[in-house]
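In case you want the letters, here they are:
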Amino acid sequence: MSFYSDQAQEHLEPLAERMRPRRLEDVMGQEEVTAPGSPLRLMAQRTTSSTIAIPGAALLYGPPGTGKTTLSQLVAQDSGRHLMKLSAVNLHTDDLVATLATISRLRRRHEECILFIDEVHRMPRDQQDILLPVIEKRMMDFIAATTEPPSSCLAPALLSRCVIVHLHKLSFENLEEILDRACVDERGLKGAVRLDPEARKLIIVSSGGDARRALTTLEAAASRAIATVSDGQVSILKPDDVRAVVSDMASYSLEDQNNMASAFIKSMRGSDPDATIYWATRMLDAGEDPRFLARRVVITAAKDVGMADPAALRTAMSAWEAVERLGMPDARTPLLEAAVYVAVAPKSDSMFEAAKAASDDIRINGMRGDVPMYLRTPMDDEQQKEGEGAGYLNPHDFGGFVQQSYMPEGVGRRVYYKPKDSGTEHQLIAWVDSLRKFNDGTPAADVAGGAAGGEVTASGTATDATATDSESTQAASAQDAAAAQQSADAANADADNNAGNAVNAGVENVDTANSNAAANMSSNVASADTVNSASSNSATDGFPHVVAPRARHAEPDNVSDHVEEAA
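Each value, and the rule that gives it
Residues numbered from 1 in each chain as written. Predicted model: local features only at pLDDT ≥ 70, side-chain atom pairs only at ≥ 80, totals over all residues. Heavy atoms only, no water. Salt bridge = Lys/Arg side-chain N within 4 Å of Asp/Glu carboxyl O. Helix = DSSP H or I, 4+ residues; strand = E, 2+ residues; numbered from the N terminus. Buried < 20%, exposed > 50% of the residue type's maximum accessible area, 1.4 Å probe, protein only. Expected span 1.5 Å × (residues − 1). Contact = heavy atoms within 4.5 Å. Polar contact = N/O pair within 3.5 Å; in protein donor to acceptor, adjacent residues only side chain to side chain. Arc of directions from axis to C-beta. Pairing = 2+ DSSP bridges. Axes fitted to C-alpha atoms, helices over the stretch in contact; angles between N-to-C directions. Parallel < 35°, antiparallel > 145°, perpendicular 65-115°, else oblique. Nonpolar A, V, L, I, M, F, W, Y, C, P; charged D, E, K, R; others polar. Phe/Tyr/Trp six-rings, centres within 6.5 Å; stacked < 30°, edge-to-face > 60°. Lys NZ or Arg CZ within 6 Å of the ring centre and 35° of its normal.

### Things to note about the pattern of salt bridges
Point 1. Across all of its chains, the model carries 23 salt bridges by this definition.
Point 2. Close ionic contact of Asp304 with Arg269 constitutes a salt bridge, the shortest N to O distance being 3.1 Å. Within this pair, whereas Asp304 is found in helix α14 (residues 290-305), its partner Arg269 is found in helix α12 (residues 257-269), the two being separated by 35 residues in sequence.
Point 3. Arg269 sits in the partly exposed class, given a relative accessible area of 35%.
Point 4. Asp360 serves as the salt-bridge partner of Arg363, at 3.6 Å between the closest nitrogen and oxygen. Here Arg363 and its partner Asp360 are both found in helix α17 (residues 350-363), 3 residues apart, which amounts to about one turn of the helix.
Point 5. Judged by its relative accessible area of 54%, Arg363 falls in the exposed class.
Point 6. One network of salt bridges, with partners in common, ties together Arg23, Glu25, Asp26 and Arg41.

### As for helix α13 (residues 273-285)
Point 1. Under the 1.5 Å per step criterion, the end-to-end length of α13 is 18 Å for 13 residues, consistent within 8% with the ideal 18 Å.
Point 2. Among all positions in α13, only Ala275, Thr276, Trp279, Ala280, Arg282, Met283, Leu284 and Asp285 are buried.
Point 3. Among the structural elements, α12, α14 and α16 (332-344) are those in contact with the buried residues of α13.
Point 4. Structurally, the start of α13 carries an N-cap: the backbone nitrogen of Asp274 is 3.1 Å from a side-chain oxygen of Asp272.

### Some remarks on helix α5 (residues 93-108)
Point 1. In a regular helix each residue adds 1.5 Å, so 16 residues correspond to 22 Å; α5 covers 23 Å between its end C-alpha atoms and thus fits that length.
Point 2. Taken together, the buried positions of α5 are Leu96, Thr99, Leu100, Ile103, Ser104 and Leu106. Looking down the long axis of α5, one finds its buried residues gathered within 165° of arc, a one-sided arrangement. Away from its buried face by more than 90 degrees, α5 exposes Asp94 and Arg108.
Point 3. For α5, the elements touching its buried residues are β2 (82-87), β3 (113-118) and α6 (125-136).
Point 4. One or two residues past the end of α5 sits His110, with phi positive at roughly 65°.

### Let's talk about unusual backbone geometry
Point 1. Following Met328, the chain continues into Pro329 via a peptide bond in cis, with omega recorded as 5°.
Point 2. With respect to the secondary-structure elements, Pro329 resides in the loop between α15 (311-326) and α16.
Point 3. Look at Arg138: it is not a glycine, yet its phi comes out positive at around 55°.
Point 4. Counting through the fold element by element, Arg138 comes out in the loop between α6 and β4 (141-146).
Point 5. You can call Arg138 partly exposed: its relative accessible area is 36%.

### Observations concerning the pairing of strand β1 (residues 57-61)
Point 1. When you tally the buried positions in β1, you get 4 out of 5 residues, the bulk of the element.
Point 2. Strand direction decides the pairing type here: β1 and β4, joined by 5 bridges, are parallel. In the strand pairing of β4, Leu59 is matched with Ala144.
Point 3. Two elements, β1 and strand β5 (residues 163-166), share 4 bridges in a ladder whose sense is parallel. Its bridge partner lying in β5, Leu59 is registered against Ile164.

### Topic: the environment of Ser262
Point 1. With respect to the helices, strands and loops of the structure, Ser262 is situated in helix α12.
Point 2. Looking at Ser262, the relative accessible area reads 26%, which means it is partly exposed.
Point 3. Spatially, the C-alpha atoms of Ser262 and Trp279 are 9.5 Å apart, while their sequence positions differ by 17 residues.

### A closer look at the packing of α5 against α6
Point 1. The N-to-C vectors of α5 and α6 enclose an angle of 10°; their axes lie 10 Å apart at closest approach. The angle between α5 and α6 falls in the class roughly parallel. Contacts between α5 and α6 involve Thr93, Leu96, Val97 and Leu100 from the former and Asp126, Gln127, Ile130, Leu131 and Val134 from the latter.
Point 2. The residue makeup of the contact of α5 with α6, split by class, is 6 nonpolar, 2 polar and 1 charged.

### So, the sheet that holds β4
By way of backbone hydrogen bonds, the strands of a sheet pair with one another, either parallel or antiparallel.
Point 1. Strand order in the open sheet made by the 5 strands is β2-β3-β4-β1-β5, with parallel pairing throughout. This sheet does not close on itself; its edge strands, each paired only once, are β2 and β5. In this sheet, neighbouring strand axes are inclined to one another by 20° on average, regardless of whether the strands run parallel or antiparallel.
Point 2. The sheet contact formed by β2 and β3 spans 6 bridges and is parallel. Paired with Lys85 across the strands is Phe116, a residue of β3.

### Quick look at the packing of aromatic side chains
Each aromatic ring pair is described using two quantities: the centre-to-centre distance and the angle formed by the ring planes.
Point 1. Under the defined criterion, the tally for this structure stands at 2 aromatic pairs.
Point 2. Here the aromatic rings of Tyr278 and Trp279 are separated by 5.1 Å at their centres, their planes lie at 75°, and the arrangement is edge-to-face.
Point 3. Its relative accessible area of 42% is what places Tyr278 among the partly exposed residues.
Point 4. With a relative accessible area of 19%, Trp279 lands in the buried category.
Point 5. An angle of 70° between the planes, with centres 6.4 Å apart, marks the rings of Phe401 and Trp431 as edge-to-face. Here the residue Phe401 occupies a position in the loop between α18 (381-385) and α19 (426-439), and Trp431 occupies one in helix α19, the gap between them amounting to 30 residues.
Point 6. A relative accessible area of 22% means that Phe401 is categorised as partly exposed.
Point 7. For Trp431, a relative accessible area of 17% corresponds to the buried category.
Point 8. We note Lys169 situated over the ring of Phe292; from NZ or CZ to the ring centre the distance is 4.3 Å.

Here it is as structure tokens:
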């Protein structure tokens, strides 16, 4: 028996093409997209003289094999419009212009068209500019498809005219139903093949959520299974048949893809490099797209490692680029390297928590104050006359620091970023605290436990520039303590000598003694110069040593000379 027998004289289309849904409601896994009242449903309606509002342009955004091309065909079919299909991968400007000319001719004959452009993220901006006036005048309906985020694939002017339709990755159950239907449907395998449950699972996991890929694998495996039975018999498609047509298919049972992805992410978050390698390898051997794993590594590097090791994100992004350029199997090594780096890195979710706290203030607590006038940038003379940008103090004119509020009007001080004592981020705890105290007007002291930094008041008097006995005795030995005290004395003398000049220049530098930082740089602090040098140097990991910002924020004689007209 052959399920090809009655089509021997016909061109046999691929199984994935034959099994395309014939109605919008038959599209699997996209119930929200095809629901009554949805943009695509409205576009699929036939227009009449009483029609007053139907979306004219849509951008279909989702993973491969989720039905983007199928949906465009069904919208055209149900609405009675011609479908003009183009692919941005090999689209030339002349072809686009010729297609638009054809659409214009059909429109003059009262025949409406839908222009469908696949892989629109590959479309250059000059071609998008050609489309813009045509879409604005609605000479045809427009549907575009992309696997990339909408903001990265269309020019803002064109994107603003499109309804974004988000297609979701097909679930395990969706793909099960699609495969089972293909086995029995008259358009498909006509009951000639039955799927072993484990074989079905292997096809689904190897597909990566792509229905087209799943059906292609099914067709190839079914051909092999049917060849092993006599005519008239129903063949059982087994796991070995699937492994024979899918390269590097794992020989063990595979869990649901979503669960494996979750295990991979949580292994990195849990600092287990071995489990990280296991789950990544298992998914890759099952046919998973390495770009899918690369995105998870980047997300985990930012969300779970964060400021504890900022290099983790750079490493993850480099691996993603390598995956895009190399492909499998060469992409496996850089991908695993980045995943292990993220797994063994110190962890901090401080940035994720900060973003959540700020979002709660904006969305839930209603903290949406206006941008202060002095933080605005005037766009024209009229705005400048209204005072926008006036009064802004550029920190560079004040030695790098100046007391100035940057929050919206009426919001006041809010604390979102809370550094954690993990990895390199622990170096920022005292530093960030000193910055906040400085901006709040609190006298800044040496946050590492050395001599207090002298703060200059508006009148030019040096105050609080005396190191206490307790601060100067934190050195590891009597010799270190004496050196730290000597450095503090030098700092005090320097502050007294230069306080008068600090008011006019606004850039007074009073070095603070930092015995802890000095101890890290040298086991024996021989002089005050050594202490000051170690305190001011940047750490090799890119973070500053925790020295309080120098409190030199007095206004210069003529503040208006230092006000920038543009941020």
